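So the chains spell out like this:
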Amino acid sequence: RRGRAELPSHCLDTGKQGRRVAVAMSGVPGVKQFYTFAPAPAALIVDIFLREKGVGGESIKAVERHVDLPQLENRGEACKAMNPQGSIPWFVTNDGTVIAETIAMCEYIEEQIPEPRLVGATASERGVTRMWQRRLEENFVSPATYAHRNWCHSEDCPADHPMKNFYDNRFNAEQGSSLLYSAPQAWKDLASWSQNRLLWLEAVKQEEAKRAGMTAPSDFICGERLTMVDIQLYVNIWYWDSFCPGQRFFETLQHRVPWVEAWYNRIHTRSATVAARTAAGYLELADMSDKK
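Residues numbered from 1 in each chain as written. Predicted model: local features only at pLDDT ≥ 70, side-chain atom pairs only at ≥ 80, totals over all residues. Heavy atoms only, no water.

Here we look at the overall build of the chain
Link 1 in the chain: Within the chain, the secondary structure is distributed over ten helices and six strands.
Link 2 in the chain: Here the C-alpha radius of gyration of the chain, 19 Å, is about what a compact globule of 292 residues would show, namely 19 Å.
Link 3 in the chain: By its C-alpha atoms, the chain is 55 × 50 × 40 Å across when sized along the principal axes.
Link 4 in the chain: Taken over 292 residues, the chain has a buried fraction of 51%.
Link 5 in the chain: Long-range contacts, defined as pairs at least 24 residues apart, comprise 65% of the intrachain contacts of the chain with a sequence gap of at least 6.
Link 6 in the chain: Of the accessible surface of the chain, which amounts to about 13,800 Å², a share of 50% is contributed by carbon and sulfur atoms.
Link 7 in the chain: If the 34 positive side-chain charges of the chain are averaged to one point and the 36 negative ones to another, these points end up 3 Å apart. (Helix = DSSP H or I, 4+ residues; strand = E, 2+ residues; numbered from the N terminus. Rg over C-alpha atoms; globule rule 2.2 N^0.38 Å. Buried < 20%, exposed > 50% of the residue type's maximum accessible area, 1.4 Å probe, protein only. Contact = heavy atoms within 4.5 Å. Areas by Shrake-Rupley, 256 points an atom, 1.4 Å probe, with all protein chains shown as cover. Lys, Arg positive; Asp, Glu negative; His and termini not counted. Charge placed at Lys NZ, Arg CZ, Asp CG, Glu CD.)

Observations regarding the packing of aromatic side chains
Link 1 in the chain: Under the definition given, this model contains 17 aromatic pairs.
Link 2 in the chain: Ring centres 5.5 Å apart and planes at 70 degrees place the aromatic pair phenylalanine 250 and tyrosine 264 in the edge-to-face group. With phenylalanine 250 in helix H8 (residues 249–252) and tyrosine 264 in helix H9 (residues 258–268), this pair connects stretches of sequence that are 14 residues apart. A single burial state applies to phenylalanine 250 and to tyrosine 264, both of which are buried.
Link 3 in the chain: The ring of tryptophan 132 carries arginine 135 above its face, with NZ or CZ at 4.7 Å from the centroid.
Link 4 in the chain: The ring of tyrosine 146 is capped by arginine 149, whose NZ or CZ atom sits 4.9 Å from the centre of that ring. (Phe/Tyr/Trp six-rings, centres within 6.5 Å; stacked < 30°, edge-to-face > 60°. Lys NZ or Arg CZ within 6 Å of the ring centre and 35° of its normal.)

Comments concerning the pairing of strand E3 (residues 31–36)
Link 1 in the chain: The pairing of E3 with strand E5 (residues 90–93) spans four bridges and is classified as antiparallel. The partner of tyrosine 35 across the bridge, within E5, is tryptophan 90. (Pairing = 2+ DSSP bridges.)

Topic: the side chain of asparagine 236
Link 1 in the chain: With respect to the secondary-structure elements, asparagine 236 resides in helix H7 (residues 228–242).
Link 2 in the chain: Looking at asparagine 236, its side chain comes within polar contact range of the side chain of tryptophan 240, at 3.1 Å. (Polar contact = N/O pair within 3.5 Å; in protein donor to acceptor, adjacent residues only side chain to side chain.)

Comments concerning the nonpolar core
In summary, soluble globular proteins display a tendency toward joint burial of nonpolar side chains.
Link 1 in the chain: Residues Phe34, Ile109, Ile221, Ile237, Val260 and Trp263 are the most contacted members of the largest nonpolar core, which totals 66 residues.
Link 2 in the chain: The leading source of residues in this core is H7, at ten residues.
Link 3 in the chain: If you look at the next biggest cluster of nonpolar residues, it comprises eleven residues, including Ala40, Ala43, Val67 and Cys79. (Core = buried A, V, L, I, M, F, W, Y, C linked by side-chain atoms within 4.5 Å.)

A short note on the confidence of the model for the chain
Link 1 in the chain: Per-residue confidence for the chain gives a mean pLDDT of 92; residues scoring 70 or more make up 91%.
Link 2 in the chain: Contacts for the low-pLDDT stretch residues 1–23, under 50 throughout, to residues beyond four places or in other chains number 49 contacts. (pLDDT = per-residue confidence, 0-100.)

A closer look at the state of the cysteines
Link 1 in the chain: Applying the stated criterion across every chain yields a total of zero disulfides.
Link 2 in the chain: The thiol of cysteine 244 is not disulfide-bonded; the next cysteine sulfur, from cysteine 152, is found 6.0 Å away. (Disulfide = S-S within 2.5 Å.)

With respect to unusual backbone geometry
Link 1 in the chain: Isoleucine 88 connects to proline 89 through a cis peptide bond whose omega is 0 degrees.
Link 2 in the chain: Inspection of the secondary structure assignment puts proline 89 in the loop between helix H3 (77–82) and E5.

Here we look at the packing of helix H1 (residues 41–52) against helix H4 (residues 102–112)
Link 1 in the chain: Interaxial distance between H1 and H4 falls to 9 Å at its minimum, and their mutual angle equals 15 degrees. Here H1 lies roughly parallel to H4, going by the angle between them. For H1 against H4, the interelement crossing comes out right-handed. The segment H1 lies against H4, with Ala42, Ile45, Val46, Phe49 and Leu50 engaging Thr102, Met105, Cys106, Ile109 and Glu110. (Axes fitted to C-alpha atoms, helices over the stretch in contact; angles between N-to-C directions. Parallel < 35°, antiparallel > 145°, perpendicular 65-115°, else oblique. Left-handed = near helix turned anticlockwise from the far one by under 90°.)

Focus on the pairing of E5
Link 1 in the chain: Side-chain alternation along E5 places Trp90 and Val92 on one buried face and Phe91 and Thr93 on a second face that is also buried.
Link 2 in the chain: Pairing geometry for E5 and strand E6 (residues 98–100), over three bridges, is antiparallel. Considered in E6, the bridge of valine 92 is made with valine 98.
Link 3 in the chain: Where E5 hands over to E6, the hairpin turn is made up of four residues, of which glycine 96 adopts a positive phi near 90 degrees.

As structure tokens, then:
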């Protein structure tokens, strides 16, 4: 059992919109249990989202249930009875409903803790957030993730590497999924796809500033407000930049994406992001090479 949850009471500055919100809670509103493996990228997205909402570390721990992802606990009978997808993480709500998938979980928390708004305050804002989330999930998050997964089954992954064939028991007919097992070298094309999307994002943001007559693009992807899009994209750039095989996005792109790099650094140093990385056991790099 974990210790008693703290009762954080503080104000968060939500940035240029000028709203501030006081949060006082024990646990997470609407969440009875938070099944997670904290170092995983999907889990980190939800953790950062909660902290941006003002939920403190001890309040998260009060509902947290550790799932041993490396040992396939999430694919076991007990976990799949709750979450048949076998993915990490998921919520069990106060009424016993199971909510998995990071974006659905973030949307649920948005309704439980409305401020600061990380999806949107109006129908238009929510529509723009969801539009950008889909644009970047489909064309960056997915290819970057699957570049890693297919690399693990390619000749480029050394035979003695701990991630070699890691996904054999995770992506197969029994699990209702697969990888590009017949063309594992396609991981390089997937990596190029994700890099191309960052070049595209840079061009779109620069054009946004030009059309608006501004000297520089807005601070965040959806304009002047932090959203779940920023959190999801940040985590996936951060994680796959160094972790197996290490796609090294900014180095590979030869620093041709100045807005994206500046945006990334802003998100990387936010207090919620730093706290979530620290709680997951990280310093700066997802491959943990900075701990050696």
